[in-house]
Amino acid sequence: MGRAGTGAGTGGAAVAVAGPLLLLLLARPPPATAGDSRKSDVRLVSEHFSQSPQKLSFYSWYGSARLFHFRVPPDTVLLRWLLQVSRGSGPACASVEITVYFRYGAPPVINPLGTSFPANSSVQSPFFIKMLDSNASLNISHPAPGDWFVAAHLPPASQKIEVKGFVPTCAYVFQPDMLVVRTVEVSILEPDVPLPQTLLSHPSYLKIFIPEYTQELRLELQGCAANGSLGCPVRLTVGAATLPRNFQKVLTCVSPTGACRLLLPSPPWDRWLQVTAKSLAGPRVLVAFQAVAALTACRPWTLNFQLLPQSSLNGSCNASTGLLPPHPGDHGGHGLGGSSRRHGGPCCLASYPVIREDLDVVSVRFWPVDRVWVRVRPATPSVMRLYMDTGMDSGGSLTVSLRANKTGITNSTLVAICVNAASPFLSFSTSLNCTTAFFQGSPLTLSAASHKADLIIPYPETDNWYLSLQLVCPENPEECEQALVLVETTLTLVPCLNDCGPYGQCVLLRRHSYLYAGCSCKAGWRGWSCTDNSTAQTVAQQRVAALLLTLSNLMFLAPIAVSVHRLLLVEASVYAYTMFFSTFYHACDQPGEAVLCILGYDTLQYCDFLGSGVSIWVTILCMARLKAAQKHVLFLLGTLIFAMSLQLDRRGAWNMMGPCLFAFVVMVTMWVYRCGRRRHCYPTSWQRWAFYLLPGISMAALGIAIYTSMMTSDNYYYTHSLWHVLLAGSAACLLPPREEHTKPWACSQKLTCRYQICKNHREDLYTVT
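Everything numeric in this text was worked out from a predicted model, so none of it was measured.

**A word on the overall build of the protein chain**
Line of reasoning, step 1. A tally of helices and strands in the protein chain yields eight helices and 38 strands.
Line of reasoning, step 2. The 769 residues of the protein chain split such that 49% are buried.
Line of reasoning, step 3. In the protein chain, 77% of the contacts between residues at least 6 apart in sequence involve partners at least 24 apart.
Line of reasoning, step 4. Of the accessible surface of the protein chain, which amounts to about 35,700 Å², a share of 58% is contributed by carbon and sulfur atoms.

Okay, structure coming up:
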């Protein structure tokens, strides 16, 4: 495999940054080469992990992607993803392209729609593969132990709004399996203790523990010989592979003379570091060497505000402050023969204790103990550690907001800031790139021209994060000797940035016990936090859309008036109910400024759907001209059925079409019965057909066509408003006329108890035309 990197070796050693070490296999795994002896190595065991499959969706927002969460065990030397896709067998099931993302430590940050992220966001390009509806596999050598995430989705969704159950769909089911090969025999590499190793046909697996406050790690191969002769055909792979970016280090020793060593600044703290040694001399050549590790540590200057007097905070971080008395003979630097975990000497950082305050789900606030301001000096960096290794903090966004005191910073001074995971960046005196041994941090700066700096990290990796600050003077270092800058820090973990703004909704998503958040945008706004306005509606367009969707419901005044005029009081009540809740549901369904909610959104939506279905139900049954008792029983029974079906599935088309088709069958049956009884067509009047029934049926058919096949996200405000008009207009036209002996707008009889009933003077209800 190719490795891109920089040659930084001395004395015949070549050091490079390892490539991704990934091999994509679209069918079966390739046969093992002569040098690949994993299958015959008794030190390796294999394990298989699987999760329940999920149905894929076409992508419209982050909630459309299906997320899978795995945990890779320690000492894993090979990770293989087996990706399985199955689809239905219907005519709508065509081959589609499936995108699968991989990331270590947090859910992948994806952007299939090419939208923009919020300003000051730190986003890495995701690692992904594209596959058709067939199986595939992916290999990762020496993966990092811990959380790994896989996300998959279908191509971006079309703008067409499809009615559920009305248009045939196809189910694409995705299931990833994780196979790991891990070693059960690992040699422990202790600091300053040479560890003899021999390589023949199998690689050697080592690991070394990196304690906290380790400033530097040095690895060296000594006494290397192949078959007794000088030479060192050995390749060391240090660190674990991560995605989307991989910072593994590879040390290749090519010279028979000279030292072969690797220097790693700021290695990850409080964890085991994997080291793999592999012979490059062939399977039958014996290679012997000694591996030596040395750790250079610094003493932290921990600020305890409850114990230290205020005057002591003005001291610099060195042995002369009286806070940290040095040990005699202690030195700041240590070579390979003098590694150190001593407690004296100059400190390399000023550690500010941080309090973690959990506010809610994926919502945390970090703040320094007893104060907000952090003192930044030129001698050593000030470091704050953010505890985000709980496994439940990677589903939100880490926000860092810094503000410098204007009086403390001058034109020649600069506050350099780095935000890193696993270990802090400490080498401000040599570089400002925020690169540690295995992580690329995010740089920030505060200056006289810019006193504020902000950083947003969507889905931060599960780890301890570090905020490092140091005062630097690039032009005149002497000015920084006695300088001091106070920096105010605001560090929070939030589910969604700014709660997705006025044009979005922050949705909490769940995969088993893992919680993460995403933004669902409205009104044409897009992006990770609904901040991309490239396709957004203007405020005027939003108001016009809201007026169309709400005022179009006033068309129901026509069937209400017709019903009252013809003494169809139950039907009039249903139409009034539908008009009221449809108006306020669409007023509440609007994003941004044009919104008004008199009840909960879910309640208004349910009442709107219920009213629409019952309106169609009572209109069709009223056209059947049943007896009063039969009609009202069916009215009540249909309303109860609608209430139940909408509770089961509010978006299902057949939940509304099923009862309406039943009512249509009842109407047709009654009309056929009358035709057979009278020996002529019913209704008998051609005026009734020409001016009422045919226009009403045409409007109903056009409304159904628009509702089921013409609505898109762009024209929804216009087509749905037209649907309101057509539905109300068809109801006004299709309502049957009143009885011949019934006076309009009044009841025919008054009871002594002051109640009124509407009585038909004709015994045969079926003769009314």
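**Side note on the nonpolar core**
Line of reasoning, step 1. Counting 47 residues, the largest nonpolar core has Tyr-575, Trp-617, Val-618 and Leu-621 as its most contacted members.
Line of reasoning, step 2. Going through the elements one at a time, α1 (539–551), α3 (569–588), α4 (601–624), α5 (628–648), α6 (654–678) and α8 (716–734) are the ones with two or more residues in this core.
Line of reasoning, step 3. If sequence neighbours within four positions are ignored, Tyr-575 has contacts with Phe-556, Pro-559, Ile-560, Ser-563, Ser-615, Val-618, Thr-619, Ala-731 and Leu-735.

**What about α6?**
Line of reasoning, step 1. Compared with an ideal rise of 1.5 Å per residue, which puts 25 residues at 36 Å, α6 spans 35 Å between its outermost C-alpha atoms and is within 8% of the ideal.
Line of reasoning, step 2. Buried-residue contacts for α6 involve α4, α5 and α7 (686–710).
Line of reasoning, step 3. Phi for Arg-679, located one or two positions after α6, is positive at around 65 degrees.

**Here we look at the environment of Ser-266**
Line of reasoning, step 1. By secondary structure assignment, the location of Ser-266 is in the loop between β20 (260–265) and β21 (271–279).
Line of reasoning, step 2. Residue Ser-266 is classed as buried on the basis of its relative accessible area of 5%.
Line of reasoning, step 3. For the pair Ser-266 and Glu-216, spaced 50 residues apart in sequence, the C-alpha to C-alpha distance is 5.4 Å.

**Looking at the pattern of salt bridges**
Line of reasoning, step 1. In this structure the tally under the stated criterion is 14 salt bridges.
Line of reasoning, step 2. Among the salt bridges present, the one from Glu-220 reaches Arg-261, with a minimum N-O distance of 3.6 Å. Of the two residues, Glu-220 is situated in strand β16 (residues 214–226) and Arg-261 in strand β20; the sequence distance between them amounts to 41 residues.
Line of reasoning, step 3. In this structure Glu-220 comes out as buried when scored by relative accessible area, which is 8%.
Line of reasoning, step 4. The partly exposed category is assigned to Arg-261, whose relative accessible area is 40%.
Line of reasoning, step 5. Taken together, the shared-partner salt bridges in this structure form one network comprising Arg-356, Asp-358 and Asp-393.

**Digging into the pairing of strand β33 (residues 465–472)**
Line of reasoning, step 1. The element β33 is largely enclosed, with a buried count of eight among its eight residues.
Line of reasoning, step 2. The alternating pattern of β33 places Trp-465, Leu-467, Leu-469 and Leu-471 and Tyr-466, Ser-468, Gln-470 and Val-472 on opposite faces, both of which are buried.
Line of reasoning, step 3. With eight bridges joining them, strand β30 (residues 414–421) and β33 adopt antiparallel strand pairing. The residue of β33 that forms the bridge with Ile-417 is Leu-469.

**Topic: a negative patch on the surface**
Line of reasoning, step 1. A contiguous patch of negative charge, built from Glu-475, Glu-478, Glu-479 and Glu-481, is present on the exposed surface.
Line of reasoning, step 2. The class for Glu-479 is partly exposed, based on a relative accessible area of 41%.

**Here we look at the packing of α4 against α6**
Line of reasoning, step 1. Running from amino to carboxyl end, α4 crosses α6 at an angle of 10 degrees, the nearest separation of the two axes being 8 Å. On the basis of their axis angle, the class for α4 and α6 is roughly parallel. For the pair α4 and α6, contact is made by Phe-609, Ser-612, Gly-613, Ile-616, Trp-617, Ile-620, Leu-621, Met-623 and Ala-624 and by Met-656, Pro-659, Cys-660, Phe-662, Ala-663, Phe-664, Val-666, Met-667, Met-670, Trp-671 and Arg-674, respectively.

**Some points on unusual backbone geometry**
Line of reasoning, step 1. In this model, Leu-243 is joined to Pro-244 through a cis peptide bond whose omega is 10 degrees.
Line of reasoning, step 2. Within the secondary structure layout, Pro-244 lies in the loop between β18 (234–238) and β19 (249–253).
Line of reasoning, step 3. With phi around 60 degrees, Cys-530 is a residue other than glycine that occupies positive phi space.
Line of reasoning, step 4. Relative to the helices and strands, Cys-530 is located in the loop between β36 (514–521) and α1.

**Remarks on the state of the cysteines**
Line of reasoning, step 1. The full count for this structure, using the stated rule, is eight disulfides.
Line of reasoning, step 2. Residue pairing for Cys-418: its cysteine sulfur links by disulfide to Cys-434, the two sulfurs lying 1.8 Å apart. The disulfide joining Cys-418 to Cys-434 has a torsion of about -75 degrees about its S-S bond and is therefore left-handed. With Cys-418 in strand β30 and Cys-434 in the loop between β30 and β31 (442–446), this pair connects stretches of sequence that are 16 residues apart. This pair shows no difference in class: Cys-418 is buried, exactly as Cys-434 is.
Line of reasoning, step 3. Each sulfur in the disulfide pair Cys-588 and Cys-597 lies 1.9 Å from the other. In this structure, the disulfide formed by Cys-588 and Cys-597 twists by about 90 degrees around the S-S bond and is classed as right-handed.

**A short note on the packing of α7 against α8**
Line of reasoning, step 1. Where α7 contacts α8, the two axes come as close as 8 Å, and the packing angle between them is 155 degrees. When the axis of α7 is compared with that of α8, the two are roughly antiparallel. Here α7 runs over α8; the crossing is left-handed.
Line of reasoning, step 2. Its residues assigned to classes, the contact of α7 with α8 shows 15 nonpolar, six polar and one charged.

**Examining the packing of aromatic side chains**
Line of reasoning, step 1. Per the stated rule, a full pass over the model turns up 29 aromatic pairs.
Line of reasoning, step 2. Residues Phe-580 and Phe-584 carry aromatic rings whose centres are separated by 4.9 Å and whose planes lie at 50 degrees to one another, so their mutual orientation is tilted. Here Phe-584 and Phe-580 lie together in helix α3, a separation of four residues that amounts to about one turn.
Line of reasoning, step 3. Measuring from centroid to centroid gives 4.7 Å for Tyr-707 and Trp-723, while their planes differ by 35 degrees, and the two rings are tilted. Of the two residues, Tyr-707 sits in helix α7 while Trp-723 sits in helix α8, which places them 16 residues apart along the sequence.

**Let's talk about the environment of Pro-477**
Line of reasoning, step 1. For Pro-477, the location among the structural elements is in the loop between β33 and β34 (485–494).
Line of reasoning, step 2. Judged by its relative accessible area of 49%, Pro-477 is partly exposed.
Line of reasoning, step 3. In this structure the C-alpha to C-alpha distance between Pro-477 and Ser-412, which are 65 residues apart in sequence, comes to 9.0 Å.

**Some thoughts on the environment of Pro-267**
Line of reasoning, step 1. Looking at the element boundaries, Pro-267 is found in the loop between β20 and β21.
Line of reasoning, step 2. In the structure, Pro-267 is positioned 158 residues away from Phe-425 in sequence and 9.7 Å away in space, judged by C-alpha atoms.
Line of reasoning, step 3. For Pro-267, the residues in contact, after removing those within four places along its chain, are Ile-210, Thr-214, Gln-215, Glu-216, Leu-217, Ser-423 and Ala-437.

**Some points on the confidence of the model for the protein chain**
Line of reasoning, step 1. Mean pLDDT over the protein chain stands at 82; residues scoring 70 or higher make up 83%.
Line of reasoning, step 2. Contacts from residues 1–39, a stretch scored under 50 in pLDDT, to residues over four places away or in other chains number 82 contacts.
Line of reasoning, step 3. Taken together, the stretch residues 306–345 has pLDDT below 50 and engages in 68 contacts with residues farther than four places along the chain or on a different chain.

**Here we look at the side chain of Asp-532**
Line of reasoning, step 1. On the secondary structure map, Asp-532 appears in the loop between β36 and α1.
Line of reasoning, step 2. Lacking a salt bridge, the buried Asp-532 has Arg-526 as its closest oppositely charged neighbour, with an N-O distance of 4.2 Å.
Line of reasoning, step 3. Beyond its immediate stretch of four places on either side in the chain, Asp-532 contacts Thr-115, Ser-116, Gly-524, Trp-525, Arg-526 and Gly-527.

**A short note on the pairing of strand β28 (residues 382–386)**
Line of reasoning, step 1. The buried count for β28 comes to five of five residues, which makes it a mostly enclosed element.
Line of reasoning, step 2. Residues Ser-382, Met-384 and Leu-386 of β28 are buried on one face, and the alternating residues Val-383 and Arg-385, pointing to the opposite face, are buried as well.
Line of reasoning, step 3. When strand β24 (residues 349–352) meets β28, the two strands line up parallel, connected through three bridges. Residue pairing across strands places Ser-351 opposite Val-383, the latter belonging to β28.
Line of reasoning, step 4. In terms of strand pairing, β28 meets β33 through five bridges, oriented antiparallel. From the neighbouring strand, Leu-386 faces β33, where its bridge partner is Trp-465.

Conventions used here
Residues numbered from 1 in each chain as written. Predicted model: local features only at pLDDT ≥ 70, side-chain atom pairs only at ≥ 80, totals over all residues. Heavy atoms only, no water. Helix = DSSP H or I, 4+ residues; strand = E, 2+ residues; numbered from the N terminus. Buried < 20%, exposed > 50% of the residue type's maximum accessible area, 1.4 Å probe, protein only. Contact = heavy atoms within 4.5 Å. Areas by Shrake-Rupley, 256 points an atom, 1.4 Å probe, with all protein chains shown as cover. Core = buried A, V, L, I, M, F, W, Y, C linked by side-chain atoms within 4.5 Å. Expected span 1.5 Å × (residues − 1). Salt bridge = Lys/Arg side-chain N within 4 Å of Asp/Glu carboxyl O. Pairing = 2+ DSSP bridges. Patch = residues over 30% accessible without salt bridge, like charges linked within 9 Å, V, L, I, M, F, W, Y side chains within 5 Å. Lys, Arg positive; Asp, Glu negative; His and termini not counted. Charge placed at Lys NZ, Arg CZ, Asp CG, Glu CD. Axes fitted to C-alpha atoms, helices over the stretch in contact; angles between N-to-C directions. Parallel < 35°, antiparallel > 145°, perpendicular 65-115°, else oblique. Disulfide = S-S within 2.5 Å. Left-handed = near helix turned anticlockwise from the far one by under 90°. Nonpolar A, V, L, I, M, F, W, Y, C, P; charged D, E, K, R; others polar. Phe/Tyr/Trp six-rings, centres within 6.5 Å; stacked < 30°, edge-to-face > 60°. pLDDT = per-residue confidence, 0-100.

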